[in-house]
Amino acid sequence: MKKGRSLIVLTAVNVLILVMSIYCLIRTTQNSKFINSFNSEFDYEEYENGKVILTLEEEKRITLQFGNSSVKVVQSYQAASREESVSVMLFIRYYTHQNGMKVQRSNTQILGEYRLHNLLYTVGYKRAHTGDADIDLVKDRRWYVNIISSVFGWIGI
């Protein structure tokens, strides 16, 4: 009897892992398609001290503050959809490249951290801290943020 129950539990766990893997594969594929089809022209305005205002679709304006090794996306929750998040990530990559800034993090890590901030803000976790996405371009000093950001990016959340 115990062997039968453990076989059922093991089968259920394997099916759950399979379904989650398929979901993650689909999301990652969708993100990749969007990134590959993205128009690389950005509408933005530069101001003093690294301040940049990016205009997204439907005239949505997002403020970014670039530092030496980081970028702050002010009120990042305003661009929370997957397409907007990817657009912001691609702009960060574009702008840093154009200005000779060093970026060691992958697109998936940057996107993952951005999405993590928006998710935490949405569920109401420390909104004063999660409203703005402070994204380190080299490596976040918090190991748990690096891990979760990488996982979020890999699975296409």
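Shown above is the structure to which this text applies.
A quick note: this is a predicted structure, and the numbers were derived from the prediction, not measured. (Residues numbered from 1 in each chain as written. Predicted model: local features only at pLDDT ≥ 70, side-chain atom pairs only at ≥ 80, totals over all residues. Heavy atoms only, no water.)

J.: How should the overall build of the chain be read in this particular structure?
T.: Scanning the chain from N- to C-terminus turns up five helices and five strands. Start at the N end of the chain and walk to the C end: the helices and strands fall as α-β-β-β-β-α-α-α-β-α. C-alpha atoms of the chain, sized along the principal axes, occupy 70 × 35 × 30 Å. A total of 157 residues make up the chain; the buried ones form 34% of that total. Of the contacts made within the chain by residues no fewer than 6 positions apart, 61% connect residues no fewer than 24 positions apart. (Helix = DSSP H or I, 4+ residues; strand = E, 2+ residues; numbered from the N terminus. Buried < 20%, exposed > 50% of the residue type's maximum accessible area, 1.4 Å probe, protein only. Contact = heavy atoms within 4.5 Å.)

J.: Please clarify how the sheet that holds strand β1 (residues 43–46) should be interpreted in this entry.
T.: One key point about sheets: their strands pair by backbone hydrogen bonds, in either a parallel or an antiparallel sense. If you walk across this open sheet you meet the five strands as β1-β2-β3-β4-β5, and the pairing is antiparallel. The open sheet has two edge strands with one neighbour each: β1 and β5 (133–136). When the angles between neighbouring strand axes are averaged without regard to direction, this sheet yields 25°. Two strands pair when backbone bridges link them, and β1 and strand β2 (residues 51–55) are joined in this way by four bridges, in the antiparallel orientation. Paired with Tyr-44 across the strands is Leu-54, a residue of β2. Contacts from helix α2 (residues 82–98) reach β1, β2, β3 (61–66), β4 (70–74) and β5 within the one sheet, and its direction differs from that of β3 by about 40°. Contacting β4 and β5, helix α3 (residues 107–122) runs over the sheet at an angle of about 160° to β5. (Pairing = 2+ DSSP bridges. Axes fitted to C-alpha atoms, helices over the stretch in contact; angles between N-to-C directions.)

J.: Help me out: how do you make sense of the packing of aromatic side chains in this one?
T.: Two numbers describe a pair of aromatic rings. These are the distance of the centres and the angle of the planes. For the structure shown, the criterion picks out 10 aromatic pairs. Measuring from ring centre to ring centre gives 6.4 Å for Phe-66 and Phe-91, while their planes differ by 65°; the resulting arrangement is edge-to-face. You can see Phe-66 sitting in strand β3 and its partner Phe-91 sitting in helix α2, a full 25 residues away along the chain. Phe-91 gets classed as buried once you look at its relative accessible area, which sits at 0%. The ring of Tyr-47 has Lys-51 lying over it, and the distance from NZ or CZ to the ring centre is 5.6 Å. The ring of Tyr-121 carries the charged tip of Arg-127 above its face, separated from the ring centre by 4.2 Å. (Phe/Tyr/Trp six-rings, centres within 6.5 Å; stacked < 30°, edge-to-face > 60°. Lys NZ or Arg CZ within 6 Å of the ring centre and 35° of its normal.)

J.: Just to check I follow, could you spell out α3 for this structure?
T.: Every α-helical turn comprises 3.6 residues, leaving residues that sit three or four positions apart pointing alike. Taking 1.5 Å of rise per residue, 16 residues should cover 22 Å, and α3 covers 22 Å from first to last C-alpha, within 8% of that figure. Among all positions in α3, only Ile-110, Leu-111, Gly-112, Glu-113, Tyr-114, Arg-115, Leu-116, His-117, Asn-118 and Tyr-121 are buried. Two residues or fewer past α3, Gly-124 is found with a positive phi of approximately 85°. (Expected span 1.5 Å × (residues − 1).)

J.: So what exactly am I meant to see when it comes to α2 here?
T.: Look at α2: 24 Å from first C-alpha to last across 17 residues, which is about the 24 Å you get at 1.5 Å a residue. Most of α2 is tucked away, with 12 of its 17 residues classed as buried. Restricting attention to buried positions, one finds in α2 the residues Arg-82, Glu-84, Ser-85, Val-86, Ser-87, Val-88, Met-89, Leu-90, Phe-91, Ile-92, Tyr-95 and Thr-96. Looking one or two places after α2, you find Gly-100, whose phi comes out positive at around 65°.

J.: Looking at this model, I keep getting lost on the side chain of Thr-55. Mind explaining?
T.: For Thr-55, the position within the fold is in strand β2. Among residues more than four places away in sequence, those in contact with Thr-55 are Asp-43, Lys-60 and Arg-61.

J.: I tried to follow the packing of helix α1 (residues 2–37) against α2 on my own but got confused; where do I start?
T.: For any two helices packed against each other, the geometry comes down to the angle between their axes and how far apart the axes lie. At a minimum axis separation of 10 Å, α1 and α2 run at an interaxial angle of 55°. As far as their axial angle goes, α2 and α1 are oblique. Read as a crossing pair, α1 and α2 show a hand that is right-handed. Along its contact with α1, which presents Arg-27, Gln-30, Asn-31, Phe-34 and Ile-35, the element α2 presents Arg-82, Glu-83, Val-86, Ser-87, Met-89 and Leu-90. When its residues are assigned to classes, the contact of α1 with α2 shows five nonpolar, three polar and three charged. (Parallel < 35°, antiparallel > 145°, perpendicular 65-115°, else oblique. Left-handed = near helix turned anticlockwise from the far one by under 90°. Nonpolar A, V, L, I, M, F, W, Y, C, P; charged D, E, K, R; others polar.)

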